[in-house]
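Residues per chain, in single letters:
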Amino acid sequence: MTQNPVDPAAITHEMAARIRAWRVDEDLSWRSVARAATGLWGSGWGSNQIYGRALCVAAAKKLGEDPDREPWN
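My aim in this report is to walk through the structure given alongside it, one point at a time. This structure is a prediction, so every number in the text was calculated from the model and none was measured. (Residues numbered from 1 in each chain as written. Predicted model: local features only at pLDDT ≥ 70, side-chain atom pairs only at ≥ 80, totals over all residues. Heavy atoms only, no water.)

**Things to note about unusual backbone geometry**
Of all residues except glycine, most have a negative phi; of all peptide bonds, most are trans.
In step 1: With an omega of 10°, the peptide bond running from E70 to P71 counts as cis.
In step 2: Mapped onto the elements, P71 comes out in the segment after helix 3 (49-62).
In step 3: One non-glycine residue, D27, lies in the positive phi region at around 55°.
In step 4: With respect to the helices, strands and loops of the structure, D27 is situated in the loop between helix 1 (13-25) and helix 2 (30-41). (Helix = DSSP H or I, 4+ residues; strand = E, 2+ residues; numbered from the N terminus.)

**Section: the environment of D7**
In step 1: Mapped onto the elements of the fold, D7 is located in the segment before helix 1.
In step 2: Residue D7 is classed as partly exposed on the basis of its relative accessible area of 49%.
In step 3: C-alpha of D7 to C-alpha of G52: the two residues are 45 residues apart in sequence and 13 Å apart in space.
In step 4: A distance of 3.0 Å separates a polar side-chain atom of D7 from the backbone nitrogen of A9. (Buried < 20%, exposed > 50% of the residue type's maximum accessible area, 1.4 Å probe, protein only. Polar contact = N/O pair within 3.5 Å; in protein donor to acceptor, adjacent residues only side chain to side chain.)

**Regarding the packing of aromatic side chains**
In step 1: According to the stated counting rule, one finds two aromatic pairs in the structure shown.
In step 2: For the pair W45 and Y51, a centre-to-centre distance of 5.9 Å together with 15° between the ring planes defines the contact as stacked. (Phe/Tyr/Trp six-rings, centres within 6.5 Å; stacked < 30°, edge-to-face > 60°.)

**A closer look at the pattern of salt bridges**
In step 1: Throughout the structure, instances matching the rule amount to four salt bridges.
In step 2: The closest approach of N and O atoms between R18 and E26, which form a salt bridge, is 2.7 Å. (Salt bridge = Lys/Arg side-chain N within 4 Å of Asp/Glu carboxyl O.)

**Structural notes on the environment of N48**
In step 1: Assignment of secondary structure puts N48 in the loop between helix 2 and helix 3.
In step 2: With 15 residues separating them in the primary sequence, N48 and V33 have C-alpha atoms 9.1 Å apart.
In step 3: A distance of 2.7 Å separates a polar side-chain atom of N48 from the backbone nitrogen of I50.
In step 4: Within the local environment of N48, its side chain forms a polar contact with the backbone nitrogen of Y51, the two atoms lying 3.1 Å apart.

Structure, rendered in structure tokens:
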């Protein structure tokens with residue numbers, strides 16, 4: 001099993017809202033979410049889709065939503 005590339009505790013409510021906007025409102029792929037997050041907040045993950053999915057999961061949970069249901073997927 002691989003380690004989660006995102007520490008959920010590090011995701012603020014504002015970050016979660018931004019990630020949700022990218023994924024839900026702008027319909028970005030996980031890879032594109034990772035690229036946008038890396039550009040805005042910096043990370044060594046670049047456009048890695050595993051990183052993008054982990055960001056979306058952490059953001060959805062922070063916002064009290066299910067990352068595997070609409071509107072996230």
